[in-house]
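Inside the fold
Listed below are the residues making up each chain.
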Amino acid sequence: MLGASAGGVQALGTLLSLLPGDLQVPLVIVQHMHPAEGSGLAELFSHSCPLVVKEAEDKEEIRAGTVYFAPPGYHLLIEIAGTFALSVDEKVNYARPSVDVLFISGAHVWCSQLLAIVLTGANNDGAKGIQLIKKCGGTTIAQDPATAAFPAMPQAAINTGAIDKVLSLEEIGTFITKW
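Below, the structure is looked at part by part. Treat the numbers as computed from the prediction; the structure is a model and nothing was measured. (Residues numbered from 1 in each chain as written. Predicted model: local features only at pLDDT ≥ 70, side-chain atom pairs only at ≥ 80, totals over all residues. Heavy atoms only, no water.)

Comments concerning helix H3 (residues 99-110)
Taking 1.5 Å of rise per residue, 12 residues should cover 16 Å, and H3 covers 16 Å from first to last C-alpha, within 8% of that figure. For H3, the set of buried residues is Val99, Asp100, Val101, Leu102, Phe103, Ser105, Gly106 and Ala107. Considering only its buried residues, H3 is in contact with strand S1 (2-4), strand S2 (27-31), strand S5 (75-78), strand S7 (115-118), helix H4 (127-135) and helix H5 (152-159). A distance of 3.2 Å separates the backbone nitrogen of Asp100 from a side-chain oxygen at the start of H3, and that oxygen is part of Ser98. Residue Cys111 follows H3 closely and has a positive phi angle near 40 degrees. (Helix = DSSP H or I, 4+ residues; strand = E, 2+ residues; numbered from the N terminus. Expected span 1.5 Å × (residues − 1). Buried < 20%, exposed > 50% of the residue type's maximum accessible area, 1.4 Å probe, protein only. Contact = heavy atoms within 4.5 Å. Polar contact = N/O pair within 3.5 Å; in protein donor to acceptor, adjacent residues only side chain to side chain.)

A few points about the packing of helix H1 (residues 8-17) against helix H6 (residues 169-178)
Contact pair H1 / H6: the axes reach a minimum separation of 9 Å and the direction vectors enclose 45 degrees. Here H1 is positioned oblique relative to H6, judged by the angle of their axes. Considering the relative orientation of H1 and H6, their crossing is right-handed. The segment H1 lies against H6, with Ala11, Thr14 and Leu15 engaging Leu169, Glu170, Ile172, Gly173 and Ile176. For the contact of H1 with H6, a count of residues per class yields 5 nonpolar, 2 polar and 1 charged. (Axes fitted to C-alpha atoms, helices over the stretch in contact; angles between N-to-C directions. Parallel < 35°, antiparallel > 145°, perpendicular 65-115°, else oblique. Left-handed = near helix turned anticlockwise from the far one by under 90°. Nonpolar A, V, L, I, M, F, W, Y, C, P; charged D, E, K, R; others polar.)

What about the side chain of Ser105?
Counting through the fold element by element, Ser105 comes out in helix H3. The class of Ser105 is buried, set by a relative accessible area of 8%. One polar contact links the side chain of Ser105 to the main-chain carbonyl oxygen of Leu102, over a distance of 3.0 Å.

Some thoughts on unusual backbone geometry
Here the amide bond leading from Arg96 into Pro97 is cis, since omega sits at 20 degrees, within 30 degrees of zero. Tracing the sequence through the fold places Pro97 in the loop between strand S6 (84-87) and H3. Within the chain, Asn93 stands out as a residue other than glycine whose phi angle is a positive 55 degrees. Examined against the element boundaries, Asn93 turns out to sit in the loop between S6 and H3.

So, the sheet that holds strand S4 (residues 66-69)
Pairing is parallel across the open sheet formed by 7 strands, whose spatial order is S3-S4-S2-S1-S7-S8-S9. Of all the strands in the sheet, the pair left with one neighbour each is strand S3 (52-55) and strand S9 (165-167). Neighbouring strand axes in the sheet, compared pairwise and without regard to direction, differ in orientation by 20 degrees on average. Here H4 sits on the sheet in contact with S7 and strand S8 (139-143), set at roughly 145 degrees to S8. (Pairing = 2+ DSSP bridges.)

Side note on the nonpolar core
One recurring pattern in soluble globular proteins is that nonpolar side chains are buried together. With 26 residues, the main nonpolar core has Leu12, Leu16, Val67, Phe69, Leu119 and Ile176 as its most contacted residues. Mapped onto this core, the elements with two or more residues apiece are S1, H1, S2, helix H2 (41-46), S4, S7 and H6. The dominant element in this core, judged by the number of residues it contributes, is H1, at 4 residues. Counting 24 residues, the second-largest nonpolar core is a separate cluster that includes Ala70, Ile78, Phe84 and Val118. (Core = buried A, V, L, I, M, F, W, Y, C linked by side-chain atoms within 4.5 Å.)

As far as function goes, none of this settles anything; it's purely spatial.
So, in structure tokens, the structure goes:
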């Protein structure tokens, strides 16, 4: 699971292009976008990422080797059945989709099997979810704030004390590939 906000489109472009086409895990991403900007992230990244890239759909089964983006204007949650749920509940951390909503739901389902990564952003979304994931035994990573276009979001995650590794985008790509 990955969360990004300001500067995230560029960071994700770099990161997703580093991944191998035979990656055997799903990647679920929340990128803060204004709903009026529409849903074009899957299309944008499908040209540079060797994996299947798509927008998550309600009740869709989560499959390995696929990159899923939360649709604009919807919280994306993981269900115990291994499917997605979309929600229009209130914004969390001024955002819908919210990284915390995704991370918290993922922690309840995948617990110690979960890898959560906080990338560039200008708020603290994801910090609360990172703490729960760490408490459940999951693995947590923050982008090195020195390499982030907007360091506030990864720094907020680091400040929780629940981050296992602080890495550059290239190092995160290598970690995901080996994980």
